[in-house]
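Below are the chains, spelled out letter by letter.
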Amino acid sequence: MSQAAEALELAIPVEPGDIDQMGHVNNVAYLRWVQPVAAPLLAAILCFATSIATNAQPKTGEWQLLFDGKSLQGWRETPFAGRGEVRVSNGMIVLGAGMPMTGVTWTGSFPRSNYEVRLEGARLEGSDFFASMTFPVQDSFCTWVTGGWGGDIVGLSSIDGWDASDNETRSYFNFEKGRWYALRLQVAGDRIMAWIDDRPIIDVAIEGRSVGLRYGEIKLSAPFGFASYATTGGLRKIEYQLLRPAGAKP
C-alpha cells in the first residue's frame, strides 16, 4: 500500500556572507542550515518507524493483549441507542445495563480469518446476554451470543439467515450471576468453534454457507466488539492470536 509522502520544508534566509568566492555555500553556513532541520527530521523518522511497528502483523501463535486492565485504550463505546455506562473497574471493562444494548468496539486492526480469541466474561447483573462477541469471518461478520433469549441460549447469529436461537449452533448453558467464565472462539478455515471453560460449545462448518449479522444495531459492533443486553456484563483478559492456515508449512 502506497502513501503520499509529505515534504519536510524549512525556510532559511541566505545571507551574503554565506556564499564563498566560488559562489558556493561555505561549510560553516551549511552546518548552520542543517542543524534546525535535523531535529524535526529525526522526529518524523521515529514517528514513521513507530507507525510501522504498530501496524505490523503479529507472529502466528503469539497472544496479543487487547485490554490492559486499566483503560479503554484501543476501544470505543459502541454507539447503541439507549446504551448504558461503559467503565473500567477492578481490572475489567464493565458494560452497564442498556436499553437495550451496551458495548465496546475495537478500533485497531484485527484479522478476518485464522485466529483465536480468548477472554473471561461475567454476568454481573441482569438476565440476558452479557459478553456477546461480534467478530470477522472473512468478508462478513457474525455474533457469538452468550446467554441470550432469556439468559441461557448460546449460539451464532446468523447462519444462513437464522439466529442463534433457531440454527444448529444453539445450545443451553446456565450462567451463574457473578461467576467468571473462560470464553474462547476460533475462526479457522471453513469452521467456527467455541468453548466455555474448555467445554466445546460450537463446531460448525461454514463453507458454502451464508454467515452474517442479525438485523439491527448489532452491526455497530463490527468488525470486532462485545455487547450486553439490558444486563451488566464484565470483560477481562481479552487476547487474540493468529492461527496457521490449514496446510500451511510451519
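It should be emphasised that the depicted structure is a prediction, and the values quoted were computed from it without experimental measurement.

Scoring rules and cut-offs
- Residues numbered from 1 in each chain as written.
- Predicted model: local features only at pLDDT ≥ 70, side-chain atom pairs only at ≥ 80, totals over all residues.
- Heavy atoms only, no water.
- Helix = DSSP H or I, 4+ residues; strand = E, 2+ residues; numbered from the N terminus.
- Buried < 20%, exposed > 50% of the residue type's maximum accessible area, 1.4 Å probe, protein only.
- Contact = heavy atoms within 4.5 Å.
- Pairing = 2+ DSSP bridges.
- Salt bridge = Lys/Arg side-chain N within 4 Å of Asp/Glu carboxyl O.
- Core = buried A, V, L, I, M, F, W, Y, C linked by side-chain atoms within 4.5 Å.
- Phe/Tyr/Trp six-rings, centres within 6.5 Å; stacked < 30°, edge-to-face > 60°.
- Lys NZ or Arg CZ within 6 Å of the ring centre and 35° of its normal.

For the protein, the count of helices and strands is 1 helix and 15 strands. When burial is assessed residue by residue, the protein has 41% of its 250 residues classed as buried. A sequence separation of at least 24 residues applies to 62% of the contacts in the protein between residues at least 6 apart.

What follows deals with the sheet that holds strand S7 (residues 132-137). Taking strand neighbours across the sheet as the criterion, the 7 strands line up as S2-S5-S14-S7-S8-S9-S10 in an open arrangement whose pairing is antiparallel. Only two strands of the sheet have a single neighbouring strand rather than two, namely strand S2 (75-77) and strand S10 (171-172). Pairing of S7 with strand S14 (residues 225-229) involves 3 bridges; the strand directions are antiparallel. Opposite Ser 132, over in S14, you have Ala 227 as the bridge partner.

The next point concerns the pattern of salt bridges. Going through the model one piece at a time under the given rule, you end up with 11 salt bridges. Here Arg 118 makes a salt bridge to Glu 239, at a shortest N to O gap of 2.7 Å. Remark: Glu 239 occurs in strand S15 (residues 232-242) and Arg 118 occurs in strand S6 (residues 115-125); sequence separation between them is 121 residues. Taking relative accessible area as the criterion, Arg 118 reaches 32% and is therefore assigned partly exposed. In this structure, a network of salt bridges that share partners links the residues Glu 120, Arg 236 and Lys 237.

Counting 42 residues, the largest nonpolar core has Phe 135, Trp 144 and Phe 224 as the members making the most contacts within it. The residues contacting Phe 224, other than those within four sequence positions of it, are Leu 66, Trp 75, Thr 105, Trp 106, Phe 110, Val 117, Met 133, Thr 134 and Phe 135. Formed by 7 residues, the second largest nonpolar core is a distinct cluster that contains Phe 80, Val 145, Ala 164 and Ile 218.

This next bit is on the pairing of strand S8 (residues 140-148). Counting buried positions along S8 yields 8 of 9 residues, so the element is predominantly enclosed. Here S7 runs beside S8; their pairing, made up of 5 bridges, is antiparallel. The residue of S8 that forms the bridge with Thr 134 is Thr 143. Counting the residues between successive antiparallel strands, the hairpin from S7 to S8 contains 2 residues, one of them, Gln 138, with a positive phi of roughly 55 degrees.

Take the packing of aromatic side chains next. Any aromatic ring pair is given by two values, namely how distant the centres are and how the planes are angled relative to each other. Taken as a whole and judged by the stated rule, the model has 12 aromatic pairs. Plain terms: the ring middles of Trp 75 and Phe 224 are 6.2 Å apart, the flat faces sit at 40 degrees to each other, and that makes the pair tilted. Of this pair, Trp 75 sits in strand S2 while Phe 224 sits in the loop between strand S13 (199-205) and S14; the two residues are 149 residues apart in sequence, bridging distant segments of the chain. Here Trp 75 and Phe 224 have matching classes, each one buried. Site record: aromatic cluster; members linked through ring pairs are Trp 75, Trp 106, Phe 110, Tyr 115, Phe 224, Phe 226 and Tyr 240. Its guanidinium or amino end placed over the ring of Trp 63, Arg 118 lies 3.7 Å from that ring's centre, counting from NZ or CZ. The lysine or arginine in question, Arg 236, covers the ring of Trp 180, its NZ or CZ lying 3.9 Å from the ring centre.

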